[in-house]
Amino acid sequence: QTMENFFSGINAGYDRLFVVGSIFGGTGATGVPQVVNKCRFGDLAQLPIGINLVLPYFNLDKGGNTNKEDSTIDSDTFFSKTKAALDHYRKHINEKVQEIYYLGYDDPKTIENHDGGNAQRNESHVVDVLAAMSVIEFASREQEELQAQARKSSSEPTCYIYNASESSNFSL
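Reference entry: report on the structure contained in this document. (Residues numbered from 1 in each chain as written. Predicted model: local features only at pLDDT ≥ 70, side-chain atom pairs only at ≥ 80, totals over all residues. Heavy atoms only, no water.)

## Re the pattern of salt bridges
Note on pairing: side chains with opposite charge can pair once their charged atoms come close. Put simply, the rule is: Basic side-chain nitrogens of Lys or Arg form a salt bridge, by our definition, when they fall within 4 Å of a carboxyl oxygen of Asp or Glu. Only DSSP runs of H or I covering at least 4 residues are called helices, and only runs of E covering at least 2 are called strands; the numbering of each starts at the N terminus. Each residue is placed in one exposure class: buried if its accessible area under a 1.4 Å probe, protein chains only, is under 20% of its type's maximum, exposed if it is over 50%, and partly exposed if it falls in between.
Overall, the coordinates contain 6 salt bridges when judged by the stated rule. Between D87 and R90 there is a salt bridge; the shortest N-O distance is 2.6 Å. Placement of both D87 and R90 in helix α3 (residues 78-92) is noted, with a separation of 3 residues, approximately one turn of the helix. Overall, the relative accessible area of 53% leaves R90 in the exposed class. Connected through shared salt-bridge partners, D87, R90 and K91 make up one network.

Encoded structure:
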């Protein structure tokens, strides 16, 4: 019901939607397509949509406070999950959005492995900042241009790829 209320308040002639999600496993990989597909019917069919797909930017400590055998999360599978998600997006999602931001980090930091709860304390990362900047970048686009692209039934999205590293210039 809450999602229905959210979508009922969107005006496709004025508003736009931007969704950020990681695609290396978890809710982002499956959540982003759900939101995009929800917006491609009825009054929202022409709504300009941008997405930010966050690629793996960390690894999990194999020991840590949670043994790998006890964890539901295994960073050894991040890249295979990313590859599968990218293939799914290419086939089913990309043509439904106007802009895609792919955001990664070429030197993943190893963090402690905790399956959520109070023990999971993820530090801020440059990827978080760049994801926020991509929202601002999409919001700065001309509405008329995005709407024209949204009206094309099978238009290819504009793609931006950012592979941040310690020596990168972090500008969008």
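Now that the structure has been shown, the text picks up again.
## Topic: the pairing of strand β2 (residues 49-54)
Quick note on the threshold: When DSSP finds at least two bridges between two strands, those strands are taken to pair. By definition, the crossover connecting two strands over a helix is right-handed if that path, from the first strand to the second, turns clockwise as seen with the strands pointing away from the viewer.
Among the 6 residues that make up β2, 6 are buried, leaving the element largely enclosed by the rest of the structure. The side-chain alternation of β2 yields two buried faces, one formed by I49, I51 and L53 and the other by G50, N52 and V54. As judged from the 6 bridges shared by strand β1 (residues 17-22) and β2, these two strands associate in the parallel manner. Bridge pairing in β2 places S22 opposite V54. Handedness of the crossover joining β1 and β2 through helix α2 (residues 27-38): right-handed. Two elements, β2 and strand β4 (residues 99-105), share 5 bridges in a ladder whose sense is parallel. Counted as the bridge partner of N52 is Y101 from β4.

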